[in-house]
Amino acid sequence: MKPILGTCYYPEHWPASQWDEDARQMAELGLKVIRIGEFAWSRYEPEPGRFTWAWLDQAIETLAKHGLQVVLCTPTATPPRWMVDRHPDMLARDEQGNERKFGSRRHYCFSHIAYREESVRIARLMAERYAKHPAIVGWQIDNEYSCHDTVRSYSDSACTAFRVWLAAKYHKIDALNTAWGNVFWSMEYDEFAQIELPNLTVTEPCPTHLLDFYRFSSDQVVSYNKLQAEAIRAYTDVPLIHNYMGRTVDFDHYKVGADLEIASWDSYPLGFLVDRSGADSAWQQRFERQGDPDFQAFHHDLYRAVGNGRWWVMEQQPGPVNWAPNNPAPLPGMVRLWTWEAIAHQAEAVCYFRWRQAPFAQEQMHAGLLRPDSQPAAVYPEVAETAREIQQFDDIQPAQADVAIVFDYESCWAWEAQPQGEDFDGFGLAFDLYRSLRRLGVSIDILKPESSLDGYKLVLIPGLLAWPEVLLAQLSSFSGSVLIGPRTGSKTANFQIPAQLPPNISSLDCTVQYVETFPITSPRPLTDGGAVRTWLESVQTTETVLETTVDGQPVLISRGNLRYLAGWPDQEAAQRIFQRLLDDAEIAYSLMPEGVRRRATGSHEFTFNYNATSVEVDGEVMAPAAVRWRALD
Amino acid sequence: MKPILGTCYYPEHWPASQWDEDARQMAELGLKVIRIGEFAWSRYEPEPGRFTWAWLDQAIETLAKHGLQVVLCTPTATPPRWMVDRHPDMLARDEQGNERKFGSRRHYCFSHIAYREESVRIARLMAERYAKHPAIVGWQIDNEYSCHDTVRSYSDSACTAFRVWLAAKYHKIDALNTAWGNVFWSMEYDEFAQIELPNLTVTEPCPTHLLDFYRFSSDQVVSYNKLQAEAIRAYTDVPLIHNYMGRTVDFDHYKVGADLEIASWDSYPLGFLVDRSGADSAWQQRFERQGDPDFQAFHHDLYRAVGNGRWWVMEQQPGPVNWAPNNPAPLPGMVRLWTWEAIAHQAEAVCYFRWRQAPFAQEQMHAGLLRPDSQPAAVYPEVAETAREIQQFDDIQPAQADVAIVFDYESCWAWEAQPQGEDFDGFGLAFDLYRSLRRLGVSIDILKPESSLDGYKLVLIPGLLAWPEVLLAQLSSFSGSVLIGPRTGSKTANFQIPAQLPPNISSLDCTVQYVETFPITSPRPLTDGGAVRTWLESVQTTETVLETTVDGQPVLISRGNLRYLAGWPDQEAAQRIFQRLLDDAEIAYSLMPEGVRRRATGSHEFTFNYNATSVEVDGEVMAPAAVRWRALD
Amino acid sequence: MKPILGTCYYPEHWPASQWDEDARQMAELGLKVIRIGEFAWSRYEPEPGRFTWAWLDQAIETLAKHGLQVVLCTPTATPPRWMVDRHPDMLARDEQGNERKFGSRRHYCFSHIAYREESVRIARLMAERYAKHPAIVGWQIDNEYSCHDTVRSYSDSACTAFRVWLAAKYHKIDALNTAWGNVFWSMEYDEFAQIELPNLTVTEPCPTHLLDFYRFSSDQVVSYNKLQAEAIRAYTDVPLIHNYMGRTVDFDHYKVGADLEIASWDSYPLGFLVDRSGADSAWQQRFERQGDPDFQAFHHDLYRAVGNGRWWVMEQQPGPVNWAPNNPAPLPGMVRLWTWEAIAHQAEAVCYFRWRQAPFAQEQMHAGLLRPDSQPAAVYPEVAETAREIQQFDDIQPAQADVAIVFDYESCWAWEAQPQGEDFDGFGLAFDLYRSLRRLGVSIDILKPESSLDGYKLVLIPGLLAWPEVLLAQLSSFSGSVLIGPRTGSKTANFQIPAQLPPNISSLDCTVQYVETFPITSPRPLTDGGAVRTWLESVQTTETVLETTVDGQPVLISRGNLRYLAGWPDQEAAQRIFQRLLDDAEIAYSLMPEGVRRRATGSHEFTFNYNATSVEVDGEVMAPAAVRWRALD
Ligand SMILES: [Zn+2]
Ligand SMILES: [Zn+2]
Ligand SMILES: [Zn+2]
């Protein structure tokens, strides 16, 4: 596979006279694929039923003329103002019950039936007109579902749809009352129509109420997306794509991905470092202009899973952005490094956001490849160099990693509903273990809970809410090493503690009696060094104990190829535990210098220096932001 | 008096087939009293007017059969869903004006007249049916008034009732205008119907408006409680009880207590340490698994006053809870220690919350004496041991302490309305002085402002809003030592500065010219060591000055048996001041090692080690969590 | 000019029998001017159309009898309760859409047409009755516009008026769409009636939408004020005044000032230190009882500009206030120092707020010159001494400073709409540079962007949104030194990036390619010492580079008399940069000891010691809070 580069382009933002020169320059720079149209509804359909496709026809032609491929987008993330006049109740409501008003983007509730129909209508019209165009190599549906916290709406539309969803799930209200444990505080319902959304309750609502609402909200995204996918698919066989965001876990990306051919995500390493990496301030300062060394990698691996192997970076930060609390510029070389990191994770395409910086509106301080005055931005030569390198590069051979982490969206919702300790977070736990593994230089696959484990030597299953049958079945015949926990199997699917107590796996004699949570500043030291941070389970077991706290509590227990981890290890403890696991599983690894990371494909091994300083790796000095690769045989 | 142990039990959460074994095991463990029913309304009355008492009949019989005593509860903290359908406006509103919706508990406004009637109806029906049952030794009314900030409601019902309350208090609107000082910003009203609740004003409302609203809100709780008390009392003479919460000061517990026979409170030492103790992070870390060494003691003494001598711990934390920011497990021995600390403060009963951990709903991570799988929880043997110890223990003789602190709810509301410095808090001041005294090993009584001072050698009156006539009368003939202030007597009952200025006590030539507040990080050092923190009054006086700031301002002044304290002393200063006072009052004391506490009853002196390490006390080593007692003669 | 002292007096708060003694004592103390009436509407007009002027007649007579001058105020900041009954929709709404209720003050929306009429009505009635009274030397209109965040209202009245304002500005909706860049996210409008206020949008609204709303909101204050000014001016020629607040930048004070003769502001040095100075905690601790050494000075200079040379301190803090997070007392001597600092900045009058501390309502803990019991407050002798000193002092001759800073309200709104980095703030930038200059002992004028630059030797233009034609024209012929930036000229008036990119000034070959923002904890060091903090522009230039970062980026560039500053310098860097500029401009300066400040008028040079300790200045020791002056020849 040969990766390609691209960019995001907004012909509607510029005079038509500029398009041809833009397209020529894109091609000259070595870009191959151009995403267009995701915010242009008011230009497609300036008033209900009146369409102005001519400009789009021309824009696509212009790009095609220069040999550029096009990803065309449905514009449903930005319904025009007249849409809100037609459907005033299409707006979502926030948790406080306030309308989320027109004036930016994503101003719709996924449960609003008429807006769903409008979305299908525009998608179908676009597909009808453009599906056969040879330049169009893919369709993006909507834009960044969930961005700005838009998955969960507390509108009347959502409430009505939630009741329908619950009735379909539970059939009888008594089944719901039992599943939720509503007897607890006399919360029993007499009929589905009494159920309200779980906001503004006096104190916390029932966690199963919350979890069902989160499941419902995710399902609404899935079905909303599917409606558009079906509308387009009727006209074309090119891949359908969505561009996901970093650390947005409030809908099930796997399920959306199942209705699409390619997953993509929008990678803003500096923006996310401050906003979403969860890193402490020393770490943020160290990587201020480079981004977190693991955050992008995690998402690359995640979206490879979401796309069933096919994935892109749809938006790659090319300079300072406008939306994080602070917005520094990437260190010279980092845009190239980020691009190669994506390729090392088997990205098919990396598109820079955006071609030219807009001088107006919300993102006028967001860098592009060109400045607003059409001069090359600072990053331009670096992108040109990267394009040349890729041109000269061999094909990348994909490969399955030896190590896999099971990552589950539903579990993230569950732990959000019931963190039990202020620092517990499902994404955070998975990402932290991922980071520890990556420090050991190993390549990792991310798996959904139902994925096949075939071919893996080591599988981690951290923080999984409840055991799916299919996973238990796989584990029973799996011969690789498995590390389970903490918190895995601690609930039933209805968010109740299972009858035989966590971790609720019959092949292990292990019972979680109770859980302790404590501040990150009060870790519980382990006998062999390091500590458990924030989360520790009190376990009764007759199995072999491999790790204990200094006061003798079991932390890692073992039987055959199974390990159970009863707490959240800090980096020192995680390093040691993983080294033992990797040794046992006969997986090669090597402890990376801090800030240096590695990934192997089937054909190449890549090494990246995320540090702002030079560092010696395997006897050779790597400059700041350096990338090194070697062919594997 | 012989204290007893008990537990909180929810037969409605478990199959009836399990009840007999549960009851047998409770009795075997040494428990004597079982609280039931406070959340079971949807099981008493599944639809309006249809009752299903049979299961409750059977549950009570089962407990009685095993010799267990029962405290039966009215279920009014958890009105069923159908109740909200009948009275949609029964819901409270928060300060932002949002409805506080169904879906958890305490979803009612104390001012809603129809819900008051429904509450009386269910209480009367229960009393009618069960009052004569010999196993029932007490009735709990409702559950944890004020929990989840539920005393103050901003609903229309509350607004209407507030106007009625104001009209009854002031009779004429001019009297209100004068009392509130409404001329200040043209805030004068023409009629009571114009008055609104003091939320959402442009800047802060008049403090007397606030204070009257807080008084009104408290009165609504008192009258609500009284309605149920009267309904039940018509059928029985056994004690009526309410279970108060820690550090909830937004209604007057003394006034609720006046309509009941026993006060009880729900003691969660680890949950409260993080949430409510106000302790700094070093202190929290030191006592992470033991709880604050003074917080429970303060409440024990407070509720002994609220109950006029008769008080229980109705809910005692037995393991990790689910609701604090972090939820560690008690250090082994602490549940026993907490139990004995309660007994040392003359508790009649200590009930562990709860018998068996529920595997469902909001509190599924809240430990019980049994695990969800019915196996003994970690704490079980410790409770068994404690039960045996109590069995073998002598009777406890009650005793009045030598030292008393006057604690007043209304003053807490006043200082909440007008803190003047960000760290001033009425509860915090009283508790801080209490802690300083307790570090000196003395036993303390807490008094309401109207209580008799007879028999006390030293009385503290800190932060009392205004002088009640009855207290002034008592002081005039009191021969013990009195420490007044800071901030005591600084207002009239209408929240105005008194004509002769604070502290407004004629027997002392002392005038507070002005007050300074400053950050906790900027203390004002005292000449003799230590400092005043956050609050310092500038005092003019001709009396003897016992303590001054290093720049010469009087801080402690003295005349006869009266002392006036013009600032909030830090621990070092408080220690010195109290040692002098205790010396003067000829009260024995001894400075405790940090984390060690002591309390004496009429018959025994108890010593407690709250530290996680051993410590030498009076020449003997006390292990972590150790309790030691000796009989007094 | 001879400055005078005064006070704020509330006859309506006290029995009429006390007024004569009050007036006598004021005169005896040396006060000359008394402000009255700004909160007394409910006493002027207790019910609609019924007036009770007799008491006000008597109060004015009483003051006049003792030779006191009067500033009479319109009471429109405190509409009475009946006004809200007449116009229930006159209340503003907050950004969440909640009504801002009656019960304190400033409870009106500037866009409410009927309330505007009511305001004019009462102003006209007062002017009709009192304009000819010889004791009345000025009129204050309303009180502290903007206090409690009252400029921007999200009411229906505001929305309607905003649409009218936009239609008047843009005429055609397409012009608005273009100006705002609404194509960006399909935000295009079809008609003005579709435009809503920019609150509660899903993510941030268009910055031009925000900026226009902020401009509109400011214009509403200007026109509201002008209505009253015209009503009064019809009857009198004495000066009209408004009392502005510290660091309130949400309306254009210059524009309000253009309709009045005198600007005044309310100076609370201790209250503002905590609340508004933006100083770090070490600085706050150092100046806890003295106030920020530059905050008052900045506002003095600002309001001299707003008043076109004529300005007062209308309210001067005389002791602890009640409204800051903590409220310490001024160090002895500071009230005198603050008074002299105002005089050194050419104040015509300084009025202490308030004569007697009120014992009731919201500000009962706010000190006055008298205590509530009518005894002299602690500050009284200090005020008496200050009055004597002023009496004996020479006339002050005004003088234009050598150095000026251009300060622009609109730019503050722009950077609030789009900070780009969490620590960027227009006021903060200007104030920080002002502080650095003042540390060098120079006197400074503040200028509006349209002011004449004639006579200045050095002009700073930091953070100016867009270049006004008039300023560009002046610069083209200006011979003094000019320091521009950072961020100046970075937008068009429509909040778009200008075509030739910032700083968009043709006389300088300098292009800002992009901007970096970073945490205050990650400064970028400069080659010559010090650093750039939080904001750094990447500049391309062929001009002389005077300062660079250690990695070689230009930070200060120079051509002829122009300098461009591409980042926000820390104090060390600013000191060096300013010293060079002052040297070049041949302006005398001397680095002040920390906490010592200086200001010169045309006749005197004043030196102030803001430290709580003695400090040697020019070979002489200044005590804490000392003021020193010398006559200039
Ligand atoms: Zn994006
Ligand atoms: Zn409870
Ligand atoms: Zn004021």
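Just so you know, these numbers come straight off a predicted model, no measurement behind them.

What counts as what
- Residues numbered from 1 in each chain as written.
- Chains lettered and ligands numbered in written order.
- Predicted model: local features only at pLDDT ≥ 70, side-chain atom pairs only at ≥ 80, totals over all residues.
- Heavy atoms only, no water.
- Contact = heavy atoms within 4.5 Å.
- Buried area = accessible area lost by both parts, 1.4 Å probe.
- Salt bridge = Lys/Arg side-chain N within 4 Å of Asp/Glu carboxyl O.
- Polar contact = N/O pair within 3.5 Å; in protein donor to acceptor, adjacent residues only side chain to side chain.
- Helix = DSSP H or I, 4+ residues; strand = E, 2+ residues; numbered from the N terminus.
- Nonpolar A, V, L, I, M, F, W, Y, C, P; charged D, E, K, R; others polar.
- Donors = N, O, S within 2.8 Å, 3.2 Å for Na, K, Ca; no water.
- Buried < 20%, exposed > 50% of the residue type's maximum accessible area, 1.4 Å probe, protein only.
- Disulfide = S-S within 2.5 Å.
- Least-squares fit on C-alpha atoms with pLDDT ≥ 70 in both.
- Pairing = 2+ DSSP bridges.
- Axes fitted to C-alpha atoms, helices over the stretch in contact; angles between N-to-C directions.

This part covers the interface of chain C and chain B. Each side of the interface is counted separately: chain C has 52 residues, and chain B has 47 residues. Buried surface at the junction of chain C and chain B, summed over both partners, amounts to about 4,400 Å²; 50% is from carbon and sulfur atoms. Of all residues in chain C, Lys 101, Gln 362 and Met 365 of chain C bury the most surface against chain B, accounting for 16% of the area lost on that side. Inspection of the chain C/chain B interface yields four salt bridges. Of the charged contacts, one joins Glu 288 of chain C and Arg 524 of chain B as a salt bridge, the two residues approaching to 4.0 Å between their closest N and O atoms. At the junction of chain C with chain B, the criterion picks out 31 residue pairs in polar contact (both at pLDDT 80 or more). The set of elements that each furnish at least two residues to the side of chain C that touches chain B consists of helix H2 (41-44) and helix H4 (81-86) of chain C. For the side of chain C that touches chain B, the residue count by class is 21 nonpolar, 16 polar and 15 charged.

With that out of the way, let us pick up the coordination of the zinc ion (ligand 2). Residue and element names in this part refer to chain B. Note on the zinc ion (ligand 2): its protein donors are Glu 144 (OE) and Glu 315 (OE). The metal-donor distances range over 2.3 Å. Of this pair, Glu 144 sits in the loop between strand S4 (136-140) and helix H6 (156-170) while Glu 315 sits in strand S7 (residues 311-316), placing them 171 residues apart in sequence. Given a relative accessible area of 3%, Glu 315 falls into the buried group.

Summarising the element assignment, Gln 357 of chain C is placed in the loop between strand S8 (349-352) and helix H14 (380-392). Using a relative accessible area of 9% as the deciding quantity, one classes Gln 357 of chain C as buried. Within the structure, Gln 357 of chain C has its side chain in polar contact with the backbone oxygen of Gln 364 of chain C (distance 2.7 Å). Apart from residues no more than four positions distant in its own chain, Gln 357 of chain C is found in contact with Ile 497 of chain B together with Trp 14, Gln 364, Met 365, His 366, Ala 367, Gly 368, Leu 370, Arg 371 and Pro 372 of chain C.

A word on the state of the cysteines. Residue and element names in this part refer to chain A. Taken as a whole and judged by the stated rule, the model has zero disulfides over all chains. Free cysteine Cys 206: the closest other cysteine sulfur is in Cys 159, separated by 16 Å. The buried category is assigned to Cys 206, whose relative accessible area is 1%.

All names here are of chain A. Most of helix H15 (residues 409-417) is tucked away, with seven of its nine residues classed as buried. All of the buried residues along H15 are Tyr 409, Ser 411, Cys 412, Trp 413, Ala 414, Trp 415 and Ala 417. Buried positions along H15 lie against helix H8 (207-233), helix H9 (253-258), helix H12 (295-306) and helix H16 (426-439).

A few words now on the relation of the copies chain C and chain B. The transformation that overlays chain C on chain B combines an axial shift of 0.0 Å with a rotation of 120 degrees, and the residual RMSD is 0.0 Å. Classification of the inter-copy transformation places it as that of a three-fold axis. In terms of proximity to the rotation axis, the leading residue of chain C is Gln 96 of chain C, whose C-alpha is 5.5 Å off the axis.

For the rest of this paragraph, the subject is the sheet that holds strand S16 (residues 544-548) of chain A. Residue and element names in this part refer to chain A. Reading across the sheet, the seven strands line up as S10-S9-S11-S12-S18-S17-S16 and stay open at both edges, with mixed pairing between neighbours. Both outer strands of the open sheet, strand S10 (444-447) and S16, are each paired with one neighbouring strand and no more. Sheet twist, expressed as the mean angle between neighbouring strand axes with direction ignored, is 20 degrees. Relative to strand S18 (residues 562-565), strand S12 (residues 481-484) is paired through three bridges, and the arrangement is parallel. In the sheet register, Leu 483 faces S18, and the bridge partner there is Arg 563. Each of strand S9 (403-406), S10 and strand S11 (458-461) is contacted by H16, which is oriented at about 170 degrees to S9, the strand it contacts most.

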